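Here are the chains, one letter per residue:
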Amino acid sequence: PLVFSPHPAVTSPCKILKCNSEFWAATSGSHHLGAEEAPEFCTALRAYAHCTRRTARTCRGDLAYHSAVHGIDDLMVQHNCSKDGPTSQPRLRTLPPGDSQERSDSPEICHYEKSFHKHSAAPNYTHCGLFGDPHLRTFTDTFQTCKVQGAWPLIDNNYLNVQVTNTPVLPGSSATATSKLTIIFKSFQECVDQKVYQAEMDELPAAFVDGSKNGGDKHGANSLKITEKVQGQHIEIQAKYIGTTIVVRQVGRYLTFAVRMPEEVVNAVEDRDSQGLYLCLRGCPLNQQIDFQAVRSAQATEGRARRKGPSLPAPPEAFTYETATAKCREKLPVEDLYFQSCVFDLLTTGDVNFMLAAYYAFEDVKMLHSNKDKLHLYERTRVLTPGNTAPTGTHPTLWVALLCLCWLCLL
């Protein structure tokens with residue numbers, strides 16, 4: 001079982017992503033080499049092991065690091081590699097089209113729409129996104145602004161786990177943004193092996209942590225595939241075996257996340273009680289939610305940027321409500337919650353990249369959301385639990401008075 005730590009975290013000094021990238025560059029997908037090329041592969045593998053040892057002290061609690069270490073041991077055995085020998089990293093030739101990394105003859109079970117819904121209606125797809133300071137759009141189209149500093153699970157079901165780590169944007173500020181993202185695709189029948197994807201600030205790899213770009217050695221491996229759209233800025237993961245598309249971007253220093261997933265997969269959880277920590281489904285806890293519209297109104301009234309915490313340092317670039325509104329309107333002409341989030345983030349952080357984060361988040365919604373009538377959201381929503389009252393609304397006494405007045409009019 002995977003345990004997600006709720007404690008605040010800082011950006012890790014662990015450099016496992018650099019080790020993974022170097023190994024992938026050296027082998028370029030050549031995991032199935034002939035005997036004549038085994039020495040070169042073993043050389044790259046030893047260099048990979050040496051890199052992981054150098055960063056071992058700072059990576060003790062990193063899931064990607066431990067996955068890489070176990071993967072190296074397995075590859076050493078598979079290719080009869082000695083742990084002693086040269087560790088230079090020669091560039092190996094890539095395999096021709098048609099190797100296991102490019103299979104197109106995946107079994108039907110590895111294509112969600114063909115297998116799960118062969119004799120029924122098309123699946124209902126849902127969307128979840130996280131961006132900015134951070135703003136969350138859940139699978140039920142609720143929209144929240146949250147604190148959620150530290151590590152939090154976005155998705156946790158029978159097929160995959162997604163965890164984000166949010167860190168303060170400025171020293172001493174409660175304004176946070178996503179600095180790390182970990183996605184775990186669980187092994188599934190004859191389709192895919194377990195795969196881990198991890199991104200951090202200034203590290204947006206176009207491969208899984210083991211250097212592969214698909215689901216591994218199983219027959220349906222190509223039903224899970226990573227595509228780099230813009231180098232270092234935009235990747236897309238297609239998981240056809242569960243009908244899921246994931247988009248990860250780096251905008252400025254921080255990451256954004258968006259997913260399109262069938263409802264059947266969203267709700268595939270063995271332990272229903274554990275769904276309380278599943279942010280994309282349940283939303284942020286009430287004590288982690290921020291009423292950014294109330295803050296925005298106060299900022300507009302006072303004509304200055306109000307910080308989310310007391311005695312916070314000034315942002316690197318000062319925005320007034322008017323200049324922030326004008327800036328956001330350049331990319332977001334419709335004054336919906338994405339626009340309002342943009343204004344809030346500019347006032348809170350002073351970082352113009354948050355405008356781009358809101359813009360790209362809405363672009364991802366346009367691509368991933370199945371209901372085009374729900375692209376724009378205009379009213380902030382909170383997830384209420386029993387005992388909580390709605391933050392806004394008509395008081396019950398007023399409703400009683402109105403009903404009495406109606407009866408008097410009829411009489």
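Residues numbered from 1 in each chain as written. Predicted model: local features only at pLDDT ≥ 70, side-chain atom pairs only at ≥ 80, totals over all residues. Heavy atoms only, no water.

- If you look the chain up in an unreviewed UniProt entry, it shows as RGMA protein from Polioptila caerulea.
- UniProt lists a comment for the chain under the heading Subcellular location (unreviewed entry), and it reads "Cell membrane".
- As its UniProt record puts it under Sequence similarities (unreviewed entry), the chain is described as follows: "Belongs to the repulsive guidance molecule (RGM) family." (UniProt positions renumbered as here; feature names shortened; annotations may be inferred.)

**Observations regarding the state of the cysteines**
Cysteine pairs can be linked by a disulfide, which is a covalent bond between their two sulfur atoms.
Next up, step 1: Enumeration according to the criterion identifies 7 disulfides in this entry.
Next up, step 2: Cys14 shares a disulfide with Cys59; S-S distance 1.9 Å. In this structure the cystine formed by Cys14 and Cys59 twists about its S-S bond by roughly 100°; its chirality is therefore right-handed. Here Cys14 is found in the segment before helix 1 (16-27), whereas its partner Cys59 is found in the loop between helix 2 (38-54) and helix 3 (63-78), with 45 residues between them in sequence. As far as burial versus exposure is concerned, Cys14 and Cys59 are alike and both buried. (Disulfide = S-S within 2.5 Å. Helix = DSSP H or I, 4+ residues; strand = E, 2+ residues; numbered from the N terminus. Buried < 20%, exposed > 50% of the residue type's maximum accessible area, 1.4 Å probe, protein only.)

**Some details on the packing of aromatic side chains**
In this description, an aromatic ring pair is defined by two values, namely the gap between the centres and the angle between the planes.
Next up, step 1: All told, the structure shown has 10 aromatic pairs when counted by the stated rule.
Next up, step 2: Ring plane angle 65° and centroid distance 5.8 Å describe the contact between Tyr159 and Phe188, whose orientation is recorded as edge-to-face. Remark: Phe188 occurs in the loop between strand 6 (176-185) and strand 7 (195-200) and Tyr159 occurs in the loop between strand 4 (150-156) and strand 5 (160-168); sequence separation between them is 29 residues. For the pair Tyr159 and Phe188, one class covers both residues: buried.
Next up, step 3: In this structure an aromatic cluster arises from ring pairing among Phe131, Phe143, Tyr338 and Phe362.
Next up, step 4: In this structure, Arg260 is placed above the aromatic ring of Tyr125, and the distance from its NZ or CZ to the ring centre is 3.7 Å.
Next up, step 5: When the ring centre of Tyr359 is taken as reference, the NZ or CZ atom of Lys331 above it lies at 4.7 Å. (Phe/Tyr/Trp six-rings, centres within 6.5 Å; stacked < 30°, edge-to-face > 60°. Lys NZ or Arg CZ within 6 Å of the ring centre and 35° of its normal.)

**Let's talk about the environment of Gly71**
Next up, step 1: Looking at the element boundaries, Gly71 is found in helix 3.
Next up, step 2: Expressed as a C-alpha distance, the spacing of Gly71 and Gly211, which sit 140 residues apart in the sequence, is 10.0 Å.

**Considering the sheet that holds strand 6**
Next up, step 1: Strands sit in the order 4-5-6-7 across an open sheet of 4 strands; the sheet is antiparallel. Of all strands in the sheet, those with a lone pairing partner are strand 4 and strand 7, marking the two edges. With strand direction ignored, the average angle separating the axes of adjacent strands in the sheet is 20°.
Next up, step 2: As paired strands, strand 4 and strand 5 are joined by 6 bridges and run antiparallel to one another. Across the sheet, Asp156 pairs through a bridge with Asn161, a residue of strand 5. (Pairing = 2+ DSSP bridges. Axes fitted to C-alpha atoms, helices over the stretch in contact; angles between N-to-C directions.)

**What about the packing of helix 9 (residues 337-349) against helix 10 (residues 353-368)?**
Next up, step 1: Two elements in contact, helix 9 and helix 10, have axes separated by 8 Å at closest approach and are oriented at 160°. Between helix 9 and helix 10, the interaxial angle falls into the category roughly antiparallel. In the packing of helix 9 onto helix 10, the handedness of the crossing is right-handed. Between helix 9, through Tyr338, Cys342, Asp345, Leu346 and Thr349, and helix 10, the contact on the second element is made entirely by Phe354, Met355, Ala358, Ala361, Phe362 and Val365.
Next up, step 2: Tallied by class, residues from the contact of helix 9 with helix 10 come to 9 nonpolar, 1 polar and 1 charged. (Parallel < 35°, antiparallel > 145°, perpendicular 65-115°, else oblique. Left-handed = near helix turned anticlockwise from the far one by under 90°. Contact = heavy atoms within 4.5 Å. Nonpolar A, V, L, I, M, F, W, Y, C, P; charged D, E, K, R; others polar.)

**Regarding the confidence of the model for the chain**
Next up, step 1: For the chain, per-residue confidence averages 77 on the pLDDT scale, and residues scoring 70 or more make up 71% of the total.
Next up, step 2: Long-range and interchain partners of residues 303-316, a stretch whose pLDDT sits below 50, account for 35 contacts in this model, where long-range means more than four residues apart.
Next up, step 3: Predicted confidence is poor over residues 382-411, with pLDDT under 50, and the contacts of this stretch with residues over four places away or in other chains come to 16 contacts. (pLDDT = per-residue confidence, 0-100.)

**Some words on the nonpolar core**
Next up, step 1: Membership of the largest hydrophobic core comes to 48 residues, with the highest contact counts inside it found for Leu154, Ile155, Leu160, Ile183, Phe185, Tyr241 and Phe257.
Next up, step 2: In terms of residues, this core owes the most to one element, strand 11 (residues 254-262), which gives 4 residues.
Next up, step 3: If you look at the next biggest cluster of nonpolar residues, it comprises 23 residues, including Ala26, Cys51, Ala64 and Val196. (Core = buried A, V, L, I, M, F, W, Y, C linked by side-chain atoms within 4.5 Å.)

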